[in-house]
Amino acid sequence: MTYRKQFGVAPGSKVDLSKIDAGFKDQHETHQDALTEIEAHNQKLHDLQYLMYAEDKRSLLIVLQGRDAAGKDGTINHVLGAMNPQGCSVTGFKVPSKEEAAHDFLWRYHQHTPGKGQVAIFNRSHYEDVLVQRVHEMVPRSVWSKRYAQINAFEQMLADNGTHILKFYLHIDSDEQLRRFKQRIDDPARHWKISEGDYAERPFWDAYTSAFEDALGKCSTEQAPWFIIPSNHKWFRNLAISKIVAETLESLKMSFPAPSVDMAEIASKYHGMAEQAGIADPDASVEAGSDNSKKGKKKKKNKKDN
């Protein structure tokens, strides 16, 4: 079974996060065991992103959601590390600015969707408006309950215009979140990540669970699927996401565009310039060497004949 099928949320299904093992790591026991497979998928990501950039016909939007300390930043570092940053962008969405809040809730997200040939990653996303705003009752139920359909319509519009969408929920359990909070306390290099908000949100764990389950179930569609990624083990999270992204890009059957120039003419110009510059053509040298070798053998044969 592919990871796309194993971790994908079937459209219209009811999600129960309590039944999904956040510590799942498949057949691998350790990061070292999985390293070869992770590197192979990273190379695939690199090659396929380059192909999409060259083809310039479609784009990819990767959406990352999860609880505090679920590993969104780490995932971005891993995925982008395998890609050419020239063809990628990352946008982190925090509290809306005054201008953003004056528009419809999708306005600020649309501005950061990818153009053709590009990959865009959303660190948090338009789903915050059916998560935070729902849990903290920032808008009434009559408002946020309509947003699922509006989000689906927004994503359908993007898909109709050539944007492929992959959405990942990074699934950690309550104990793992606390372990990561402690790591931030113990490591001075991570102190900057600590915020009062992390601890303020902790009492709302169950409310967020319900909100995530509804968002995952109501907004996983054929054109914009959700994947629930077991993320207690960071290395497995990276493996699963890179594999799903690579599998998805492979399924698009992309191809390099035909050259816009006459390649025979360009090759002729190159050889002329190389000859003028005194740069040896390795292929020509091999051919010349082969010819000279044959001529040398003929000369030796003639001497023997004489």
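Further up the page is the structure itself.
Residues numbered from 1 in each chain as written. Predicted model: local features only at pLDDT ≥ 70, side-chain atom pairs only at ≥ 80, totals over all residues. Heavy atoms only, no water.

Q: Before we go on, may I ask you to explain the pattern of salt bridges in this structure?
A: Pairing between side chains of opposite charge can happen when their charged atoms approach one another. As enumerated under the stated definition, the model contains 15 salt bridges in all. For Arg179, the salt bridge identified is with Glu176, shortest N-O distance 2.9 Å. Taken together, the residues Arg179 and Glu176, both in helix H9 (residues 174–186) and three residues apart, mark about one turn of the helix. Taking the relative accessible area as the measure of exposure, Arg179 reaches 45% and is therefore partly exposed. Under the relative-accessibility criterion, Glu176 is labelled buried at 9%. (Salt bridge = Lys/Arg side-chain N within 4 Å of Asp/Glu carboxyl O. Helix = DSSP H or I, 4+ residues; strand = E, 2+ residues; numbered from the N terminus. Buried < 20%, exposed > 50% of the residue type's maximum accessible area, 1.4 Å probe, protein only.)

Q: I keep staring at the pairing of strand S3 (residues 119–123) and nothing clicks. Help me out?
A: Along a regular strand, successive side chains alternate from one face of the sheet to the other. Across the five residues that make up S3, a large majority, five, are buried. Note that strand S1 (residues 59–66) and S3 share five bridges and pair parallel. Within S3, the residue paired with Leu60 across the bridge is Val119. Two strands pair when backbone bridges link them, and strand S2 (residues 88–92) and S3 are joined in this way by five bridges, in the parallel orientation. Bridge pairing in S3 places Thr91 opposite Phe122. (Pairing = 2+ DSSP bridges.)

Q: Where do I start with unusual backbone geometry in this structure?
A: Most peptide bonds are trans, and most residues other than glycine sit at a negative phi. Not every positive phi belongs to a glycine, and Arg124 is a case in point at roughly 70°. Note on placement: Arg124 falls in the loop between S3 and helix H6 (132–135).

Q: I'm lost on the packing of aromatic side chains in this one. Help?
A: Enumeration according to the criterion identifies 15 aromatic pairs in this entry. On the numbers, 6.0 Å between centres and 80° between planes, the contact of Phe7 with Phe236 is edge-to-face. Pair noted here: Phe7 is in helix H1 (residues 3–7) and Phe236 is in helix H12 (residues 234–251), with a separation of 229 residues, a long-range link. Assigned by exposure class, Phe7 and Phe236 land together as buried. Between the aromatic rings of Tyr127 and Trp226, the centroid separation amounts to 4.9 Å while the plane-to-plane angle is 70°, which identifies the pairing as edge-to-face. You can see Tyr127 sitting in the loop between S3 and H6 and its partner Trp226 sitting in strand S5 (residues 226–230), a full 99 residues away along the chain. Like Trp226, Tyr127 is buried. Taken together, the ring pairs in this structure connect Tyr3, Phe7, Phe24, Trp235 and Phe236 into an aromatic cluster. For the cation-ring pair, Arg147 lies above Phe105, with the distance from its terminal atom to the ring centre recorded as 4.6 Å. For the cation-ring pair, Lys243 lies above Tyr3, with the distance from its terminal atom to the ring centre recorded as 4.2 Å. (Phe/Tyr/Trp six-rings, centres within 6.5 Å; stacked < 30°, edge-to-face > 60°. Lys NZ or Arg CZ within 6 Å of the ring centre and 35° of its normal.)

Q: Quick question: what am I supposed to make of the nonpolar core here?
A: Counting residues in hydrophobic clusters, the biggest one holds 36 residues, and the most contacted among them are Leu60, Ile62, Phe168, Ile229, Val245 and Leu249. The set of elements that each furnish at least two residues to this core consists of H1, helix H2 (31–55), S1, helix H3 (72–81), S3, strand S4 (163–171), S5 and H12. Examining the composition of this core, we find that nine residues originate from one element, H12, more than from any other. Those residues in contact with Ile229 that sit more than four places away from it in its chain are Phe7, Phe168, Tyr169, Leu170, His171, Arg237, Ala240, Ile241 and Ile244. Judged by nonpolar contacts, the second largest core, of 32 residues, contains Phe93, Val139, Tyr148 and Cys219. (Core = buried A, V, L, I, M, F, W, Y, C linked by side-chain atoms within 4.5 Å. Contact = heavy atoms within 4.5 Å.)

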